[in-house]
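Listed below are the residues making up each chain.
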Amino acid sequence: MFKNLKLSQRIFAALFVIILFTSVSILLITVFSFREQSTIFAEDLLKDKEREVINAIDYELDRYPNLATDQNIYDVLENVILGISDVHKTDINVFDVRGNLMLTTEPKSIPTRVLPKRVLDSLSRNLEYLEVPVDVGNGKNFLTTYRYINNFKNQPVAIINLP
């Protein structure tokens with residue numbers, strides 16, 4: 001096919017193919033790089049939001065006149081959890097240390113009432129923090145986090161979940 005073309009036309013065709021290949025390569029590298037960076041950005045945003053929510057809850061625990069324990073954590077958080085959720089624009093689920101749902105700000109659906117045993121086991125092994133990918137269909141995964149809420153004596157009083 002190329003033998004019937006002049007040398008200048010073959011050089012032009014070869015350069016055109018090289019430029020086309022280079023353009024496609026740059027496009028693919030850019031798309032994959034953007035996808036990776038957006039995933040990292042979303043994870044960092046979730047971690048920042050989680051840190052802000054934990055700081056707000058710690059502030060409320062410090063304001064409580066008595067020592068916050070796993071028995072009275074419901075009383076400590078029941079009036080402030082909706083405000084914290086509104087300020088940080090995220091849903092919050094609070095479980096007791098045994099994994100039973102105490103408080104939630106999710107208006108759409110009632111989340112699981114009891115944490116799965118694997119989550120409780122992983123939290124007890126990691127002693128503080130757990131990230132769990134959740135498959136929501138359509139090939140999309142969301143990251144949900146679980147973390148212990150500790151009082152000022154560093155005793156776990158509840159488990160917070162940010163879906």
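First, a word on what this report is: a plain description of the structure on this page. (Residues numbered from 1 in each chain as written. Predicted model: local features only at pLDDT ≥ 70, side-chain atom pairs only at ≥ 80, totals over all residues. Heavy atoms only, no water.)

### Considering the nonpolar core
Core analysis: the biggest nonpolar cluster contains 20 residues, and Ile 57, Leu 77, Ile 92 and Ile 149 have the highest contact counts within it. Where this core is concerned, the elements lending two or more residues are α1 (7-63), α2 (73-77), α3 (81-88) and β5 (156-162). Ranked by residue count, the leading element in this core is α1, at five residues. In terms of nonpolar packing, the next biggest core, distinct from the first, is built from nine residues, Val 119, Leu 120, Leu 123 and Tyr 146 among them. (Core = buried A, V, L, I, M, F, W, Y, C linked by side-chain atoms within 4.5 Å. Buried < 20%, exposed > 50% of the residue type's maximum accessible area, 1.4 Å probe, protein only. Helix = DSSP H or I, 4+ residues; strand = E, 2+ residues; numbered from the N terminus.)

### Comments concerning the environment of Thr 145
Inspection of the secondary structure assignment puts Thr 145 in strand β4 (residues 140-150). Separated by 17 residues in the primary sequence, Thr 145 and Leu 162 have C-alpha atoms spaced 5.5 Å apart. Separated by 3.3 Å, the side chains of Thr 145 and Glu 50 make a polar contact. (Polar contact = N/O pair within 3.5 Å; in protein donor to acceptor, adjacent residues only side chain to side chain.)

### Section: the environment of Glu 52
Along the chain, Glu 52 turns up in helix α1. Take Glu 52: its relative accessible area is 43%, and that puts it in the partly exposed class. Spatially, the C-alpha atoms of Glu 52 and Val 87 are 10.0 Å apart, while their sequence positions differ by 35 residues. Engagement of the side chain of Glu 52 in a polar contact is seen with the side chain of His 88, the distance being 3.5 Å.

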